[in-house]
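A structural walkthrough
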Amino acid sequence: MAHLCEIQAKAAVKTDVGKKHLPDKQDHNASLDSMLGDLEQDLQELGIATVPKCHCASCQKPIAGKMIHALGQVWHPEHFICTYCKGELGSSPFFERGGLAYCPKDYHQLFFPHCAYCAAPNLDKVPTAMDQTWHPEHFFCSHCGEVFGAEGFHEKDKKPYCQKDFLAMFSPKCGGCNCPVLENYLSAMDAVWHPECFVRGDYFSSFSIGSFFELDGRPFCELHYHQHRGTLCHGCGQPITGRCISAIGHKFHPEHFVCAFRLTQLSKSIFREQNDKTYCQSCFNKLFPL
């Protein structure tokens, strides 16, 4: 009993000392922890075994008063904090990872996938595209800004595009109408064409055979190609592809450069002209005497 009275006297002295100064909350907790520690030591010196009710998982000191049960341990309320920001968690919701506690804000920031557009965490639906995650409202066409729907998207240079803008901006253009070529096409003159747009340059009709002739970037059939170049025979009206004779402002197949009266072949150097027609000397003298 004498020893017990001695302990009570020590506690009373320490309590009186504490009354001389009104401590703040932190000082109060420190003082209380100190008193509990001294009391435990005094009891042990008297041979009285003490079994603390519980110890804080953070500071390892006995807990008197309020405590937090979390992560399979108990804590002083002020010692149960977010591992990242060190803010008190108290009785607020928290997340656990690897045996550590995190406030919701830091947990989302540290461990949730982030939107590739705004860099904020994705907390709900997480569309994944181009090896990145996005908020649904932030996954939109890089050109028109429309959010993608069921039709999906196309990628170019690591940017997403809706089908309409992708085709308009990056698909090959028809050499005839300059619109995107999407399906069947012809390749000619270093360009691609809609089949219906690859037509003859003058008459805008399709080619009946597979061959064509190019002039000034436009396709022509053989007849109209030679017509534009001035290489149709004035005698037969057909294209000249070999030897030709140039006379009276026209070109002729050699065999079609003939006397207009006798229809015999003329020599380029010996002929006479009358009314845009060619004659041999003999027929000219008979038909047009002086």
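An account of the accompanying structure is given in this report. (Residues numbered from 1 in each chain as written. Predicted model: local features only at pLDDT ≥ 70, side-chain atom pairs only at ≥ 80, totals over all residues. Heavy atoms only, no water.)

1. Describing the overall build of the protein
Helix and strand counts for the protein stand at six helices and 16 strands. Residues classed as buried in the protein amount to 27% of the 290 residues present. Accessible surface for the protein amounts to roughly 19,600 Å². Of this, 53% is attributable to carbon and sulfur atoms. (Helix = DSSP H or I, 4+ residues; strand = E, 2+ residues; numbered from the N terminus. Buried < 20%, exposed > 50% of the residue type's maximum accessible area, 1.4 Å probe, protein only. Areas by Shrake-Rupley, 256 points an atom, 1.4 Å probe, with all protein chains shown as cover.)

2. Points about helix α4 (residues 163–170)
For α4, the set of buried residues is Asp165, Phe166 and Leu167. Contact partners of the buried residues in α4: β7 (154–156) and β8 (159–161). (Contact = heavy atoms within 4.5 Å.)

3. Some details on the packing of aromatic side chains
Describing an aromatic ring pair means giving the distance of the ring centres and the angle of the ring planes. What the rule picks out here adds up to 18 aromatic pairs. Where Trp134 meets Phe139, the ring centres are 5.0 Å apart and the plane angle is 45 degrees; that geometry is what we call tilted. What links up through ring pairs into an aromatic cluster is the set Phe95, Tyr102, Tyr107, Phe111 and Phe112. (Phe/Tyr/Trp six-rings, centres within 6.5 Å; stacked < 30°, edge-to-face > 60°.)

4. Some thoughts on the nonpolar core
Judged by nonpolar contacts, the single largest core of 14 residues is most densely connected at Ile63, Ile68, Ala70, Trp75, Phe80, Cys82 and Leu89. Where this core is concerned, the elements lending two or more residues are β1 (68–70), β2 (73–75) and β4 (100–102). Those residues within four positions of Leu89 in sequence are excluded, and the remaining contacts are Phe80, Ile81, Cys82, Phe94, Ala101, Tyr102 and Cys103. With 13 residues, the next largest nonpolar core counts Ile240, Cys259, Tyr279 and Cys280 among its residues. (Core = buried A, V, L, I, M, F, W, Y, C linked by side-chain atoms within 4.5 Å.)

5. Structural notes on the environment of Thr83
The residue Thr83 is located in the loop between β2 and β3 (95–97) in this model. Along the primary structure Thr83 and Leu100 are separated by 17 residues, whereas in three dimensions their C-alpha atoms are 6.5 Å apart. Residue contacts for Thr83: discarding those within four places in its chain leaves Leu100, Ala101 and Tyr102.

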